[in-house]
Amino acid sequence: LSHLKGTTGWINWVLRRLQQWNTAGWSRFNAARHYDFSGDLYDLFLDADKQYSCAYFPTPGTGLDEAQEAKKRLIAAKLILEPGHKVLDIGSGWGGMAIYLARETGADVTGLTLSSSCTCDATSCDLGTNPNPCKCPCGYSRSLEPCCT
């Protein structure tokens, strides 16, 4: 903290900490401003699984849905997941990756998101023999509850 010598250094340090203060409430507010819109809006530019990250286009003619599926397949292969492995998907959005990993690998997956509208969709969960691998937060609770039963 030697750079904080003098009054100006301390004032700047305090001001920066106040500007960067990010409580759970502010995090929820910021997430809501960015994500909590009608699903119809996201349907205009996201794939059917509502993946909100870059897709993997193996060939120039690959469509968005196929490219997002290729991305999930590639990530799952690189992780070398097996039944019983545990995965924490931070920023899981609508849960497409968590559901895919649980369904395809048998891993025990927990997805976390700050957005109240981005929660994994239990209706799209067809997990076969994996009894309850996908968990999502209820709102912004610290306790996780199953979404895929």
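Worth saying up front: this structure is predicted, and the values here are computed from it rather than measured.

## Things to note about the overall build of the protein chain
Within the protein chain, the secondary structure is distributed over five helices and four strands. Ordering the α and β elements of the protein chain from the N terminus gives α-α-α-α-β-α-β-β-β. Split into buried and exposed, the 149 residues of the protein chain put 33% on the buried side. Put simply, 42% of the contacts in the protein chain that link residues at least 6 apart link residues at least 24 apart. Approximately 9,600 Å² of the protein chain is accessible, and the part contributed by carbon and sulfur atoms is 58%.

## Some words on the pattern of salt bridges
Tallied over the entire structure, the rule returns five salt bridges. Residue Lys72 is joined to Asp49 by a salt bridge in which the shortest nitrogen-to-oxygen separation is 2.5 Å. Placement of Lys72 in helix H4 (residues 64-79) and of Asp49 in the loop between helix H3 (39-43) and H4 is noted, with a sequence separation of 23 residues between them. Judged by relative accessible area, which is 26%, Asp49 ranks as partly exposed. Note that Asp108 is salt-bridged to Lys86, the shortest N-O span being 3.1 Å. Of the two residues, Asp108 is situated in strand S2 (residues 108-112) and Lys86 in strand S1 (residues 86-90); the sequence distance between them amounts to 22 residues.

## Describing the packing of aromatic side chains
Within this structure, the stated rule accounts for three aromatic pairs. The interplanar angle of 55° and the centroid separation of 5.7 Å between the aromatic rings of Tyr42 and Phe45 together place this pair among those described as tilted. Using a relative accessible area of 45% as the deciding quantity, one classes Phe45 as partly exposed. Aromatic pair Tyr42 and Tyr52: ring centres 5.9 Å apart, planes at 75°, arrangement edge-to-face. Residue Tyr42 is found in helix H3, and its partner Tyr52 is found in the loop between H3 and H4; the two are separated by 10 residues along the sequence. The buried category is assigned to Tyr42, whose relative accessible area is 2%. For Tyr52, a relative accessible area of 37% translates into the label partly exposed. Connected via pairs of aromatic rings, a cluster forms that spans Tyr42, Phe45 and Tyr52.

## Remarks on the side chain of Gln51
Along the polypeptide, Gln51 turns up in the loop between H3 and H4. We classify Gln51 as buried; its relative accessible area is 7%. Sequence-distant contacts of Gln51, defined by excluding residues within four places in its chain, comprise Leu46, Gln68, Lys71, Lys72, Gly96 and Met97.

## Some remarks on unusual backbone geometry
We note that Lys50 has phi near 55°; this positive angle belongs to a residue other than glycine. Positionally, Lys50 belongs in the loop between H3 and H4.

## Some words on H4
Between its first and last C-alpha, H4 extends 23 Å over 16 residues, near the 22 Å set by a 1.5 Å rise per residue. By the burial criterion, the buried members of H4 are Ala67, Gln68, Ala70, Lys71, Lys72 and Ala76. Looking at the buried side of H4, the elements it contacts are helix H5 (96-105). Of the residues trailing H4, Ile80 is marked for its positive phi of about 50°.

## Observations regarding the packing of H4 against H5
To describe two helices that pack against each other, one gives the angle between their axes and the distance between the axes. Closest axis-to-axis distance for the H4/H5 pair is 10 Å, and the angle between their directions is 55°. Taken as axis vectors, H4 and H5 run oblique relative to one another. Note on packing geometry: the crossing formed by H4 with H5 is right-handed. Facing Glu69, Lys71, Lys72, Arg73, Ile75, Ala76 and Leu79 of H4, the residues of H5 in contact are Gly96, Met97, Tyr100, Leu101 and Thr105. Taken together, the residues of the contact of H4 with H5 sort by class into six nonpolar, two polar and four charged.

What counts as what
- Residues numbered from 1 in each chain as written.
- Predicted model: local features only at pLDDT ≥ 70, side-chain atom pairs only at ≥ 80, totals over all residues.
- Heavy atoms only, no water.
- Helix = DSSP H or I, 4+ residues; strand = E, 2+ residues; numbered from the N terminus.
- Buried < 20%, exposed > 50% of the residue type's maximum accessible area, 1.4 Å probe, protein only.
- Contact = heavy atoms within 4.5 Å.
- Areas by Shrake-Rupley, 256 points an atom, 1.4 Å probe, with all protein chains shown as cover.
- Salt bridge = Lys/Arg side-chain N within 4 Å of Asp/Glu carboxyl O.
- Phe/Tyr/Trp six-rings, centres within 6.5 Å; stacked < 30°, edge-to-face > 60°.
- Expected span 1.5 Å × (residues − 1).
- Axes fitted to C-alpha atoms, helices over the stretch in contact; angles between N-to-C directions.
- Parallel < 35°, antiparallel > 145°, perpendicular 65-115°, else oblique.
- Left-handed = near helix turned anticlockwise from the far one by under 90°.
- Nonpolar A, V, L, I, M, F, W, Y, C, P; charged D, E, K, R; others polar.

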